[in-house]
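Structural overview for review
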Amino acid sequence: MSDLNFATSPINQSLTPERKIELFTQMVRIRRFEQAAAKSYAAGEMGGFLHLYIGQESVAVGTISLGGADDHYITAYRDHGHALAVGMGMNECMAEMYGKQTGCSKGKGGSMHFFAPDKNFWGGHGIVAGQTPLGLGLAFALKYQGKDGCCLCYLGDGAVNQGAFHESLNIASLFGIPVIYVIENNGYSMGTSQERSSAYTGCLAQRAEAYAIEWDVVNGSDIYEVRAKTQIAMDRAKKESKPTVLEIDTYRYYGHSVADANHKKYRTPEEIQNYKDNYDPINVFRRKLIDEGVLTEEKSDEIGKAAQEEAVASVKFAKEAPAPTIPDISTDVYWETDNNTEASKIGHHFFA
Amino acid sequence: MSDLNFATSPINQSLTPERKIELFTQMVRIRRFEQAAAKSYAAGEMGGFLHLYIGQESVAVGTISLGGADDHYITAYRDHGHALAVGMGMNECMAEMYGKQTGCSKGKGGSMHFFAPDKNFWGGHGIVAGQTPLGLGLAFALKYQGKDGCCLCYLGDGAVNQGAFHESLNIASLFGIPVIYVIENNGYSMGTSQERSSAYTGCLAQRAEAYAIEWDVVNGSDIYEVRAKTQIAMDRAKKESKPTVLEIDTYRYYGHSVADANHKKYRTPEEIQNYKDNYDPINVFRRKLIDEGVLTEEKSDEIGKAAQEEAVASVKFAKEAPAPTIPDISTDVYWETDNNTEASKIGHHFFA
Amino acid sequence: MRTLTYREALREAMDEELARDENVVIMGEEVAQYNGAYKVTQGLWDKWGDKRVVDTPISEAGFIGMGIGASMLGVRPVMELMFWSFHSVAFDQLVNNAACVRYMSGGLCHCPIVVRGPANGGTNVGATHSHIPEGLFAAFPGLKVCSPATPADAKGLMKAAIRDNDPVYVMENTILYGNTGEVPDPADGDFVIPLGKADIKREGKDISLIAHGRSVLHCLEAAETLKAEHGIDAEVLDLRSIRPLDVDAILATVAKTHRVLLVDESKPFGGVSAMVSHLIQEHAFDELDGPIKRVCTIDAPAIYSKYIENEQLPNPRRIIEKALTMV
Amino acid sequence: MRTLTYREALREAMDEELARDENVVIMGEEVAQYNGAYKVTQGLWDKWGDKRVVDTPISEAGFIGMGIGASMLGVRPVMELMFWSFHSVAFDQLVNNAACVRYMSGGLCHCPIVVRGPANGGTNVGATHSHIPEGLFAAFPGLKVCSPATPADAKGLMKAAIRDNDPVYVMENTILYGNTGEVPDPADGDFVIPLGKADIKREGKDISLIAHGRSVLHCLEAAETLKAEHGIDAEVLDLRSIRPLDVDAILATVAKTHRVLLVDESKPFGGVSAMVSHLIQEHAFDELDGPIKRVCTIDAPAIYSKYIENEQLPNPRRIIEKALTMV
Ligand SMILES: Cc1ncc(C[n+]2csc(CCOP(=O)(O)OP(=O)(O)O)c2C)c(N)n1
Ligand SMILES: Cc1ncc(C[n+]2csc(CCOP(=O)(O)OP(=O)(O)O)c2C)c(N)n1
Ligand SMILES: [Mg+2]
Ligand SMILES: [Mg+2]
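Here the structure is a predicted model, which is why all the values come from computation and not from measurement.

Reading the values: rules and limits
- Residues numbered from 1 in each chain as written.
- Chains lettered and ligands numbered in written order.
- Predicted model: local features only at pLDDT ≥ 70, side-chain atom pairs only at ≥ 80, totals over all residues.
- Heavy atoms only, no water.
- Contact = heavy atoms within 4.5 Å.
- Buried area = accessible area lost by both parts, 1.4 Å probe.
- Salt bridge = Lys/Arg side-chain N within 4 Å of Asp/Glu carboxyl O.
- Polar contact = N/O pair within 3.5 Å; in protein donor to acceptor, adjacent residues only side chain to side chain.
- Helix = DSSP H or I, 4+ residues; strand = E, 2+ residues; numbered from the N terminus.
- Nonpolar A, V, L, I, M, F, W, Y, C, P; charged D, E, K, R; others polar.
- Donors = N, O, S within 2.8 Å, 3.2 Å for Na, K, Ca; no water.
- Buried < 20%, exposed > 50% of the residue type's maximum accessible area, 1.4 Å probe, protein only.
- Expected span 1.5 Å × (residues − 1).
- Bend = angle between axes of the 7 residues up to and from the residue.
- Core = buried A, V, L, I, M, F, W, Y, C linked by side-chain atoms within 4.5 Å.
- Domains from an automatic or database assignment.
- Patch = residues over 30% accessible without salt bridge, like charges linked within 9 Å, V, L, I, M, F, W, Y side chains within 5 Å.
- Areas by Shrake-Rupley, 256 points an atom, 1.4 Å probe, with all protein chains shown as cover.
- Lys, Arg positive; Asp, Glu negative; His and termini not counted.
- Charge placed at Lys NZ, Arg CZ, Asp CG, Glu CD.
- Pairing = 2+ DSSP bridges.
- Axes fitted to C-alpha atoms, helices over the stretch in contact; angles between N-to-C directions.
- Near = heavy atom within 4 Å.
- Parallel < 35°, antiparallel > 145°, perpendicular 65-115°, else oblique.
- Left-handed = near helix turned anticlockwise from the far one by under 90°.

The next thing to look at is the interface of chain C and chain A. Taken residue by residue, the interface counts 60 residues in chain C and 45 residues in chain A. Summing both partners gives a buried area of about 4,200 Å² for chain C against chain A, and 66% of it is carried by carbon and sulfur. A per-residue breakdown of the area chain C buries against chain A is headed by C:L73, C:Y103 and C:M104, which together make up 17% of the total. Measuring nitrogen to oxygen at the nearest pair gives 2.6 Å for the salt bridge that ties C:R102 to A:D338. Connecting chain C to chain A are 25 residue pairs in polar contact (both at pLDDT 80 or more). Secondary structure elements with two or more residues in the side of chain C that touches chain A: β2 (24-28), α2 (44-52), β3 (53-55), α3 (60-72), α4 (91-104), α8 (247-257) and α9 (271-283) of chain C. For the side of chain C that touches chain A, the leading source of residues is α3(C), giving 10 residues. By residue class, the composition of the side of chain C that touches chain A is 28 nonpolar, 17 polar and 15 charged.

Metal coordination angles in their ideal form are 109.5 degrees for the four-donor tetrahedron and 90 or 180 degrees for the six-donor octahedron. Residues and elements named next belong to chain A. D157 (OD), N186 (OD1) and Y188 (O) make up the full set of protein donors to the magnesium ion (ligand 3), lying at 2.0 to 2.1 Å. Of note, the donors binding the magnesium ion (ligand 3) are all from one chain and are spaced D-x28-N-x1-Y. Pair noted here: D157 is in the loop between β2 (151-156) and α7 (163-175) and Y188 is in strand β4 (residues 188-189), with a separation of 31 residues, a long-range link. Neither residue differs from the other here; D157 and Y188 are each classed as buried.

Attention now moves to the interface of chain D and chain B. How big an interface is tends to be stated in terms of accessible area lost as the parts join. Tallying the contact residues gives 60 residues for chain D and 45 residues for chain B. In this assembly, chain D packs against chain B so that about 4,200 Å² is buried in total across both faces, 66% of it on carbon and sulfur atoms. At the boundary of chain D and chain B, one finds one salt bridge. Those elements that place two or more of their residues in the side of chain D that touches chain B are β2 (24-28), α2 (44-52), β3 (53-55), α3 (60-72), α4 (91-104), α8 (247-257) and α9 (271-283) of chain D. Ranked by residue count, the leading element in the side of chain D that touches chain B is α3(D), at 10 residues. Its residues assigned to classes, the side of chain D that touches chain B comprises 28 nonpolar, 17 polar and 15 charged.

Here we come to the coordination of the magnesium ion (ligand 4). Residues and elements named next belong to chain B. Around the magnesium ion (ligand 4), the protein contributes the donor atoms D157 (OD), N186 (OD1) and Y188 (O), which lie 2.0 to 2.1 Å from the metal centre. Linear spacing of the donor residues for the magnesium ion (ligand 4) on their chain is D-x28-N-x1-Y. Residue D157 is located in the loop between β2 (151-156) and α7 (163-175), and its partner N186 is located in the loop between β3 (179-185) and β4 (188-189); the two are separated by 29 residues in the primary sequence. Both residues of the pair, D157 and N186, count as buried.

Now for α4(C). Residues and elements named next belong to chain C. In a regular helix each residue adds 1.5 Å, so 14 residues correspond to 20 Å; α4 covers 18 Å between its end C-alpha atoms and thus fits that length. In the structure, α4 departs most strongly from a straight axis at N97, where the bend amounts to approximately 25°. When you tally the buried positions in α4, you get 14 out of 14 residues, the bulk of the element. Among the residues trailing α4, G106 stands out with phi positive, at a value near 60°.

This next bit is on the nonpolar core. C:F137, C:Y169, C:I280, D:F137, D:Y169 and D:I280 are the most contacted members of the largest nonpolar core, which has 229 residues in total. Those residues in contact with C:F137 that lie beyond four places of it in its chain are C:W84, C:H87, C:F91, C:L94, C:V95, C:L143, C:V145, C:Y169 and C:M171.

The subject of this paragraph is the domain arrangement of chain C. Residue and element names in this part refer to chain C. Partitioning chain C into structural domains gives domain 1 (3-188) and domain 2 (199-324). Summarising the inter-unit geometry, the C-alpha centres of domain 1 and domain 2 are found 26 Å apart. Between domain 1 and domain 2, the contact holds 29 residues from the first and 24 residues from the second. Summing both sides of the interface, domain 1 and domain 2 together bury roughly 1,900 Å²; the carbon and sulfur share of this comes to 57%. Across the domain 1-domain 2 interface, the total number found is two salt bridges. Note that D153 is salt-bridged to K201, the shortest N-O span being 2.7 Å. On inspection of domain 1 and its partner domain 2, the count reaches 13 residue pairs in polar contact (both at pLDDT 80 or more).

Attention shifts here to a negative patch on the surface. Judged by side-chain charge, A:E209, A:E214, B:E209 and B:E214 come together as a negatively charged surface patch. Tracing the sequence through the fold places B:E214 in strand β6 (residues 214-219). When its relative accessible area of 46% is taken as the criterion, B:E214 is described as partly exposed.

Residues and elements named next belong to chain D. In spatial order, the strands read β3-β2-β4-β5-β7-β6-β12; together these seven strands make up an open sheet with mixed pairing. Both edges of this open sheet fall to β3 and β12 (241-243), since each of them pairs with a single strand only. On average, each strand axis in the sheet is tilted by 20° relative to the strand beside it, whichever way the strands run. By the bridge criterion, three bridges tie strand β6 (residues 144-146) to strand β7 (residues 168-172) in an arrangement that is parallel. What sits directly across from C146, in β7, is V170. Its contacts with the sheet place α2 against β2 and β3, and it is angled at close to 75° to β3.

For the rest of this paragraph, the subject is unusual backbone geometry. Residues and elements named next belong to chain C. The amide bond that connects R243 to the next residue, P244, takes the cis arrangement and shows omega of 0°. If you trace the backbone, P244 turns up in the loop between β12 (241-243) and α8. Its identity as a non-glycine residue notwithstanding, N124 has a phi of 55°, on the positive side. As for its placement among the helices and strands, N124 is situated in the loop between β5 (114-118) and α5 (134-138). Taking relative accessible area as the criterion, N124 reaches 13% and is therefore assigned buried.

Now for the site of ligand 2. Around ligand 2 sit 22 residues, and of these B:Y77, B:R78, B:D157, B:N186 and C:E60 come closest. More than one chain reaches ligand 2: its neighbouring residues belong to chains B and C. Separating an oxygen atom of ligand 2 from a side-chain N or O atom of B:R78 is a distance of 2.7 Å. Between ligand 2 and B:V128, the relevant distance is 3.1 Å, taken from a nitrogen atom to a main-chain nitrogen or oxygen of the residue. Calculation on ligand 2 without its partners gives an accessible area of 580 Å², and the protein chains cover 96% of this total.

Here we take up the site of ligand 1. Around ligand 1 sit 22 residues, and of these A:Y77, A:R78, A:D157, A:N186 and D:E60 come closest. More than a single chain frames ligand 1: its nearby residues are located in chains A and D. Within the side chain of A:R78, a nitrogen or oxygen atom sits 2.7 Å from an oxygen atom of ligand 1. One nitrogen or oxygen atom from the side chain of A:N186 is found 2.8 Å from an oxygen atom belonging to ligand 1. Summarising the interface, the protein chains cover 95% of the accessible area of ligand 1, which totals 580 Å² for the free molecule. Of the residues that constitute the shell around ligand 1, the class distribution is 10 nonpolar, eight polar and four charged.

Bringing the packing of helix α2 (residues 17-42) of chain A against helix α3 (residues 57-64) of chain A into the picture now. All names here are of chain A. The interhelical angle for the contact between α2 and α3, taken along N-to-C directions, is 140°, at an axis separation of 9 Å. Relative to α3, the element α2 is oriented oblique. Crossing of α2 over α3 shows right-handed handedness. Listed contacts from α3 to L23, Q26, M27, I30 and R31 of α2 are E57, S58 and V61. When the residues that make up the contact of α2 with α3 are grouped by side-chain class, the tally is four nonpolar, two polar and two charged.

Before going further, it helps to examine the packing of helix α5 (residues 90-97) of chain B against helix α12 (residues 297-320) of chain B. All names here are of chain B. Where α5 meets α12, the closest approach of the two axes is 8 Å, and the angle between their N-to-C directions is 50°. One way to sum up the angle between α5 and α12 is to call them oblique. Once α5 is placed against α12, the crossing between them reads as right-handed. Along the contact surface, α5 presents M90, N91, E92, M94 and A95, while α12 presents A307, E310, A311, A313, S314, V315, F317 and A318.

Dropping the structure here:
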C-alpha cells in the first residue's frame, strides 16, 4: 500500500478538526449500527440477507464526504454504509431491516434496498452490477439538466464481470458522462477470491483503460487517500464531464452475508486478523487523528459509546414500529395509482 | 496498413499453388454468390434481411483456411462468407434465403441463420454478440473433451459493446479457453461509425488487454496477413489453451443490409471507392497471385465465370425447390419429439 | 380529417412531446443521424439536435438502464429498441430496475420512461427477431404496456405514454408503420388516448373477436368475410392497452355476444389471451354460451420462410375457420 | 423407505448422472469450492474435482451461453443459477440461444442443457430476488420446464432433465431444500420421473386444487383443513412438469370434481395458472360447475417484510378461503 501522505493534500488540509471528528464519527456509527443489526439478525428478528459493510467504512464515508448539493450516489446491496454516510437516520434504516412501516422503504425493500432520494441516494440494488447503468443514467440526467454534479456509483470486485458494467463504461466514455465508478475491492465475491473470478493484469480498474477512461487504485484503509483520489475524479467529472473508474482496496470482516458460515474456509483467519490489526480504516484514522491532536482516546471512546447507544435505540425503535399490513402490499407499485390521478382510474392496473 | 510481407510467413509459404487458387476461388465464389442473392432480393424473391459480406471475403476464407478437423466456427448474421468457406454448397445456402425446404436450415433460419454442424459451422446468429458466449462454449467443449481444436468466433465492430462479449472475454481468460474472437471491423455498425459507437484508445481489440488476453490488429485486405496472424492465435489456442482477440480491418461495400438505402449518407462514396480500388481483398490477392505466377488473367476470369454460373444455378435450384408446408412449422422444436422418443410421448409439448 | 401513416403518427406524438417538455429525450440505436432503422424518428434529430435525439451504441442493457436512471431524476426518456425482441439483452433493466425500483424504495422513486419499438412477426426475420412480448411485460406489476393498431391510436397512446409517470412499454409493429388512417389535426387540440381504454373497432352481436395490435386488423378483415359470406355479425374489441386493461369493456362485449374468440400474435402458452380468457371465464362464466377459443401463433419459434410465416401467425383465414366452429 | 431432504435428493441425482455420463458437468457461481450457496452441490467438487464441477464468475449471460454452446458439441452442462431470478441478466441466452437454435438450424443442433436453481418467494429477499418464472419460460417453444415439490420428485425429475436432449429448466425452491421425504434407494434401480407427468398428491372428489412447486404443499395442508373443518374433499394435482404439461391429468381431475382452484406462486397476470385455466375451460367447458378460480401472489413486486410476505404469497389460509367460496 502507498506511502504518500494524503493528509497533506489540499482537500484534506482544508478539513477542520470538527469535520475530521465528524468523519470519524460517521465511520464509527456505521460500525456500531451494523454490529447491532448483526445481533438482531442472529436473534432471528430480521428476514432475508444481511450484508455487512464492516471494514469498508472509509470508502462510503470518505467518498461521500466530498459530495455537494448536486452529487448523487447509488450502490449495490451492501448499502448500509452509504445510507448512513449520506445522512439517513439509524432509525429508518434499522426499521427497514426489521421490515417495518417506518423503515426508509416502508419495509418493502429490506437491507439491500435503502433509498433516500432527498439525500441524493438512489439505493441499494440487489442484482450484481444492475445499478451500474442506473448510475450512468443519474449522471446523464445531471449533465442533461445542466447541474454541476456527478454520480458516484459503487460496485464490488465481483460485479466487474457483469456485461452491464462494460456497456456502461463504453457509453460513459463516449458520451462524456460525469459518473465515477467506485469498485470497492474487498478481495472476494462471496466465496470467490479476485483471482478466481476475474482475469486481469495489474488491477480491475485497468479495464477502464481500453475505453479511454481514467482510473486509479486507492488504499481504502486511509480515508485521506480515499478523499484525495476521489476528489480528482470528481473534479474531472464536473470540469471535464468525464468518467473515472476508482478501485478502492478494502476488506470485509464478516462473511459475504451474515448467513455465510464458510467465510473462514475461503480465506484464513490470519488474513482477517491482519486486516483488522493493520488496516482497519477506523483504527487507522483514529491513530492519525490522535497523532494530529484532533482526537483523544477519551473522545474516541465517547464517540463509540454514543454511536452504540444510538444503534441500540434504533433497534428499540425498529422493534416497536408497526409492521406493514396487507393493504400496504398493493401501494408503491405505480406512481399514478398512488397519486390517485385521472390516469389511474382508467382500466384495471391490478389483477387477482 | 502494414508493410510486412506475409506471403513469406511459413503458413503461407507452405501453400501449394493449387491451394492458393482454391482460396482465391472461394473468395470469388462468395462474391458471386452474394451478388446473385442481392439480385434475387431486389426482385422481391427473398424475405427478411440480407446482410452482404462483399468486401470482407478474405476474413472468412483466410481464417477458415487454417482450420483442421477439430476447429469450429460461429458467427453473426453476416454469415454467407463463413458458410461457403467452411464448404457449404451454394444450393443449400441460396435455397435457405429463398425460404425453401431444401435450404440448409429447411427455410426456418433464413439468411442470418446458416448452419452446418457437420462442417463445424454453428451459425449464423441474429442477436448482436449473442454468439460470443456460444463460441466460448464450443471451445470449452473442445477442451473438456480433449480435442486438439479451437473455436473461431466472429463478431462485428459494433458488437464489442455488448456486455455478453466482455463476460465471455473474462471467462475465456480465466478458464484458459481455446477461443479466438475475430472482430471483423468494417468501420460501421449499421449507420454508426466506429468513432460514434465505441470508446477506445488504439483499437477495439485492445479491450482484451485488461483481461490478460493477447490481441492483434490485422490488415484484412491481405489474406496472407489474415492467415499469418490467425495461425499465431490458433497455435496459442491449441498449444497453450489460451484465447486471442484479433481485430481484422475490413470493409463492406454495400449497406448494412440490402435494405439500408442510407449507406452513402453515413460515409462518402469516395471512401467506398477508395476501398474498392486499393484494398479489395480479391483484387489484392489476384494481383499477388499473378505476380507470383500462380494465376493468370485468363484463369482468373475463368474462375469468376465458373463462380457466376454456380451462383446462377443455385438461384435456379432455389427457385424450383419446394417451400415448407404448414406441418413443417412444428418440427425441429424439440429433439425428443423430432426423434419420437419415449419422453416425447409423455405430456403435451405443444399448445394451441 | 387528415390522414397520417402509423409511422408519422408516432413521430408527430414524439415531436409534440419534445416541444411540450424539455425533459423529453429520444434515445436509441440509429434514431438520430440515421433517422431510425424504420424511420419512425425521421427528421427529429435535424429539428431537435444532439441533446434531444441521441444515438446510442449497441448496448441495450447499458442504454435502457441509463434511461431508467435518468428518469429517476426527472428526465423523460423515450427509448427505441430497434426491435422489441432485443428486450432479451436488456431484460434485467426492463423488469427489475424499471418495474421494481418504486416498490423497493417504498414509493420514493418513480420512472417516467417510455420504451418503444416494433414487436411483431411477419417480416421473415426469424425466431430471435420476432418475439411478441406484450404478455411477458404486462405480467410484471409496475410496468404498463400498450399496443396500438391504428395511426390515431399510435399517436394518442404514445402521447399518453410519454406523459405517464410510470414506465410504459409501447409495442409497435413494422408491418403497420406504412398504414394510413385519420388522425386529428393538432390545431384541433391535444390528442391523447388514455392507457386502459379498449375500443370497439366494429360493432356486432354474434361473437366477440378480442385482439390488440395488428391482430385487430386481421379481425376486422375476418369480420367482413364472416358477415358477407356467413351472415355472422362479429364485434371487434381492440384492447389497445394491455396493462392497465379495460376489463369492463371486455366483460361488456362478452355480455353482448356470449361467444369469445381471442386473437393474439403471441405463442399459445400464456400470452395476453390466456389472461383475458381466465378473466372472462372468472367474471362472466354464466354469460358464455361455449368455451372461449383462441387463434395464436402456431407453437414454434418464428419460422423464416416467407411462404409459410403468415400461416404461423394469426390471419383472417385462421380466424374465420375458428369462428365458424363457434357459431 | 429411506428419507432424504429435497436438497440431498437433487444432489444425489446430479451425483448419479455425473457417474453415469462423463459429459455431465456442473457449473455455476459458488457450486464447487463453496459447495453451493444453498449447499445443493455440497461435496460434489470434493468427489468429482475441477473438471466436472466448475465455479464461474458472476457473469450469467457469459456462463449460461457457454453452457449452451458446449451442449451443442455434446457436453451436458447442469448449470446453477444461484437464484432463478438472475435469469434477467442471461435472458437472451436462455430464450434465444437455448430455445431457438435447433429451430433456426432446421434441426441440425440441439442443446442438452439443464439450468437449475431456486425460483420462489417467501425468504424476504425482495422484488429482484423473488421472481417465479415457470410460466415465463414455458411460453417459449423449444424449452422445457419442471418444478418439483417433494424430494422424490426432485430427484426423479432432475435425472430426467439431465438425460433429456432438449434444454430443461428446473425450478427449485429454497424453502423446500430442507424438507424431507421418501426417495427410493439407488440399490432398487434407477429412479427417474419423466417430464410431462402430473401426480395426484391427494385424492378427492369435491374440488380440484391444481398447483406446482411449493404451492402443492400449501394445497395439501389446505385440503386437510377443508376436510377436517368443512367436510370438503379436495383433490390435489401436482403438475410437476410445466412443459411438457400433463393436460390429460388436468382434464381428468376436472371431470371428477367439476370445480377447479388453481394455486400459483406467480403474479396474477399470466403465469402457469392462466394457461391451465384457459386449457380447462376450452377442453372441459361442460364439466365445470362454476368458474375456475385462482390463488396467486398478490399483484405487486415481492415485498420484503417478513411480517407480510407470506400473506402476499399463496398460503393455506388464502386457499381455504377461496375454496370455501366455491363449494
Ligand atoms: C446477477 C446476480 N448474480 C448473482 C447474484 C448473487 N450475489 C449477490 S452478491 C454476490 C457477490 C458479489 O461480490 P462483489 O461484487 O465482490 O461485492 P461484495 O459482496 O464483495 O460487496 C453474488 C454472487 C446477484 N445478486 N445478482
Ligand atoms: C442486441 C441487438 N441489438 C441490435 C440489433 C440490430 N442490429 C443488427 S446488426 C447491427 C449492427 C452491428 O454492427 P457490427 O457489429 O459492426 O456488425 P456488421 O453489421 O458491421 O457486420 C444492429 C444494430 C441486433 N440484431 N441485436
Ligand atoms: Mg467483493
Ligand atoms: Mg461493423
